Amino acid sequence: MLFITLAPAHAQAIRTADVTPLQVPAELVAVRAQPAIGPTMTPLAPGQQPLTAALLTNYVERQKALRAANVFGQDPGELTSDVLLGYIARGSLGGNSAVSAIASFTSPAARPQPALNPSALAAYVETSYQPLSKRLDHANAERDCLAQAIYHEARGESAAGQLAVANVIVNRARSSKFPSTLCGVIYQNADKGRYRCQFTFACDGRADAPGERRAWARSSQLAQQVYAEFALGEQVGAVPGSALYYHTTAVRPSWSNTYNAVAQIGSHIFYSPN
């Protein structure tokens, strides 16, 4: 009986790579074989080794020995092109870290400029910096404007009604359609003439000095609370953040037909634009 084995016609002999890695030096093998906590100590479970001076000294000495080991097995002498190409030839087939490392040094990536630099600091000082005294004056003025608005617009309302009026003022200051400060919102167009402003008390020609002590105290306390929420970016929450208008139930302005009524609190109806 005759057995015939057929081999594929395209089979070819596989050659071993011409370049083989160097043998690891014996001294490096010996250093790597030592446990990190020392050759004579009994290993402990991870996290149970106490950080002692002896352990730290052993780690430092081991790192020094690893760095001092001669990976070439002999004195490499001067770093020539032959030595470098031989090192690259011994790299992994999937990708050579030596080539990547060389490329990173010859073409370093651009580092982003730190956010805090002399130019940015100078620009801040020029445009945004304010001394503490000026910031305190601004905060006090904002609270006083808000207290005036609460007092004159809603001092006869409940706490919820007063808060809702203050909420609309904050919503306007946060909207791009109105000034960005509370005083700017409250006294917008007050210089245009009588009854040309947004809030009647601001341009009716009457003195704004509060005449009711207890009502003014309530308005001032509420203004302090609401201003803190405004400064911190928090929501007041009495009416939706989209509510920018209101009027009393005693009147019905023409614009009320073009906006959406979102709440009625006390004698005020609040609206949001469509």
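The structure contained in this document is the topic of the report that follows. Since the structure is predicted, the reported quantities are computational estimates derived from the model, not experimental observations. (Residues numbered from 1 in each chain as written. Predicted model: local features only at pLDDT ≥ 70, side-chain atom pairs only at ≥ 80, totals over all residues. Heavy atoms only, no water.)

## Here's the deal with the side chain of His247
Here is step 1: As for its placement among the helices and strands, His247 is situated in strand β1 (residues 245–248).
Here is step 2: The exposure class assigned to His247 is buried, which follows from its relative accessible area of 7%.
Here is step 3: A distance of 3.2 Å separates a polar side-chain atom of His247 from the backbone oxygen of Val251.
Here is step 4: Beyond its immediate chain neighbours, meaning those up to four positions away, His247 contacts Arg252, Pro253, Trp255, Ser256, Ser267, His268, Ile269 and Tyr271. (Helix = DSSP H or I, 4+ residues; strand = E, 2+ residues; numbered from the N terminus. Buried < 20%, exposed > 50% of the residue type's maximum accessible area, 1.4 Å probe, protein only. Polar contact = N/O pair within 3.5 Å; in protein donor to acceptor, adjacent residues only side chain to side chain. Contact = heavy atoms within 4.5 Å.)

## Remarks on a nonpolar patch on the surface
Here is step 1: A contiguous nonpolar surface patch, about 420 Å² in accessible area, is contributed by Leu51, Leu56, Tyr59 and Val60.
Here is step 2: Relative to the helices and strands, Tyr59 is located in helix α2 (residues 53–68).
Here is step 3: Relative accessible area serves as the criterion here: at 44%, Tyr59 is assigned to the partly exposed category. (Patch = residues over 30% accessible without salt bridge, like charges linked within 9 Å, V, L, I, M, F, W, Y side chains within 5 Å. Areas by Shrake-Rupley, 256 points an atom, 1.4 Å probe, with all protein chains shown as cover. Salt bridge = Lys/Arg side-chain N within 4 Å of Asp/Glu carboxyl O.)

## Structural notes on unusual backbone geometry
Here is step 1: One non-glycine residue, Asn189, lies in positive phi territory at about 65 degrees.
Here is step 2: With respect to the secondary-structure elements, Asn189 resides in the loop between α8 (182–186) and α9 (213–231).
Here is step 3: Residue class for Asn189 comes out partly exposed when judged on its relative accessible area of 28%.

## Considering the packing of aromatic side chains
Here is step 1: Taken as a whole and judged by the stated rule, the model has 10 aromatic pairs.
Here is step 2: The interplanar angle of 45 degrees and the centroid separation of 5.6 Å between the aromatic rings of Tyr245 and Trp255 together place this pair among those described as tilted. In this pair, Tyr245 is assigned in strand β1 and Trp255 in the loop between β1 and β2 (260–265), connecting sequence segments 10 residues apart.
Here is step 3: Summarising the aromatic geometry, the rings of Tyr245 and Tyr259 are spaced 4.6 Å apart at their centres and angled 15 degrees between planes, so their arrangement reads as stacked. Of this pair, Tyr245 sits in strand β1 while Tyr259 is found in the loop between β1 and β2, placing the two residues 14 residues apart along the sequence.
Here is step 4: Residue class for Tyr245 comes out buried when judged on its relative accessible area of 16%.
Here is step 5: On the accessibility criterion, Tyr259 (24% relative accessible area) is partly exposed.
Here is step 6: Grouping aromatic residues by their ring pairs yields a cluster made of Phe178, Tyr245, Trp255, Tyr259 and Tyr271.
Here is step 7: Sitting above the plane of the Tyr151 ring, Arg155 keeps its charged end 4.6 Å from the centroid. (Phe/Tyr/Trp six-rings, centres within 6.5 Å; stacked < 30°, edge-to-face > 60°. Lys NZ or Arg CZ within 6 Å of the ring centre and 35° of its normal.)

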